[in-house]
Amino acid sequence: MGGDMRKKTKKSDEYITPAEAKRKGLIKKDGVYYKRTVLEKYRDKGWLGQVTSQYSDDDRMAAGLRLAADFHKSGYSGFNCIDYEKPRVESSPMLDPSPAVFDARDRYGKAIACLMREEVFAVRMVCCLDEEIKIPHLRDDQYKNDLELLKRYISTGLNRLCEHYWGKIRIPRPQITGMSTVNFWDNIEDYYKRLGKSDER
């Protein structure tokens, strides 16, 4: 899901030494050195799963890559604001975006719209712009608090993207198989909410 966003090294780096690769922050996979994306770095740090969810880190990675793919297909990565009301110079005609670009922009817009304001900033910076978010270190306690909030926004934002792309994971109906092994009240509120919606239909 989504393209390979990894930054591969140039051909001149094929014979790079392990020490030089480590200094440059490169890792080797399938015989090729590449620089990890910020999303990969945060996944390896365990930041993507800060909030309890039915989705895995792989699901969140896939959602982030899918958003990034549409972002780049939309042309937003090198997008300059265009004033369509300004007369065009005939000697330099501007081509209108293709249907594929419009489709990508539509998908990207709908995905971003499902995020909270704080999540939009964090997810866009990390997934689409591939930039680490720098938190001002004013005081130790403030820094730790802001860092935890950042982790939470990335995690909840990616969870919302998973729900947007693949829908919410259904919670199975509670089954009574033995009082000593199953708590009857597990997920009972969600179960009765669904029953209520079914009755309304």
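Each remark here, short or long, concerns the structure printed above.
Criteria and thresholds
Residues numbered from 1 in each chain as written. Predicted model: local features only at pLDDT ≥ 70, side-chain atom pairs only at ≥ 80, totals over all residues. Heavy atoms only, no water. Core = buried A, V, L, I, M, F, W, Y, C linked by side-chain atoms within 4.5 Å. Buried < 20%, exposed > 50% of the residue type's maximum accessible area, 1.4 Å probe, protein only. Helix = DSSP H or I, 4+ residues; strand = E, 2+ residues; numbered from the N terminus. Contact = heavy atoms within 4.5 Å. Expected span 1.5 Å × (residues − 1). Salt bridge = Lys/Arg side-chain N within 4 Å of Asp/Glu carboxyl O.

J.: Describe the nonpolar core, naming the residues involved and giving the relevant values.
T.: Judged by nonpolar contacts, the single largest core of 29 residues is most densely connected at Leu67, Leu150, Ile154 and Leu161. For this core, the secondary structure elements donating two or more residues are α2 (38-44), α3 (57-73), α4 (99-113), α5 (117-128) and α6 (140-166). Dropping the residues within four chain positions of it, leucine 161 is found in contact with Ala63, Leu67, Ala111, Cys114, Leu115 and Val123.

J.: Give me α6: which residues, what numbers.
T.: When the terminal C-alpha atoms of α6 are compared, their 39 Å separation across 27 residues agrees well with the 39 Å that a helix rising 1.5 Å per residue should span. Listed as buried for α6 are Leu147, Leu150, Lys151, Ile154, Ser155, Thr156, Gly157, Leu158, Asn159, Leu161, Cys162 and Tyr165. Positive backbone phi, approximately 80°, marks glycine 167, located one or two places after α6.

J.: Break down the environment of tyrosine 34 for me, with residues and values.
T.: Position of tyrosine 34 relative to the elements: it lies in strand β3 (residues 32-35). Overall, tyrosine 34 belongs to the buried group, its relative accessible area being 6%. For tyrosine 34 and alanine 21, which are 13 residues apart along the polypeptide, the C-alpha to C-alpha distance reads 9.0 Å.

J.: Go over the side chain of aspartate 70 with me, naming the residues and quoting the values.
T.: With respect to the element layout, aspartate 70 can be found in helix α3. Taking relative accessible area as the criterion, aspartate 70 reaches 4% and is therefore assigned buried. For aspartate 70, the residues in contact, after removing those within four places along its chain, are Ala104, Arg107 and Tyr108.

J.: Explain the pattern of salt bridges to me, using residue names and the numbers behind them.
T.: Across all of its chains, the model carries 10 salt bridges by this definition. Put simply, arginine 36 and aspartate 44 hold a salt bridge, and the shortest N to O gap is 2.7 Å. Exposure remark for aspartate 44: the relative accessible area of 46% places this residue in the partly exposed category. One salt-bridge network, held together by shared partners, links Arg36, Arg43 and Asp44.

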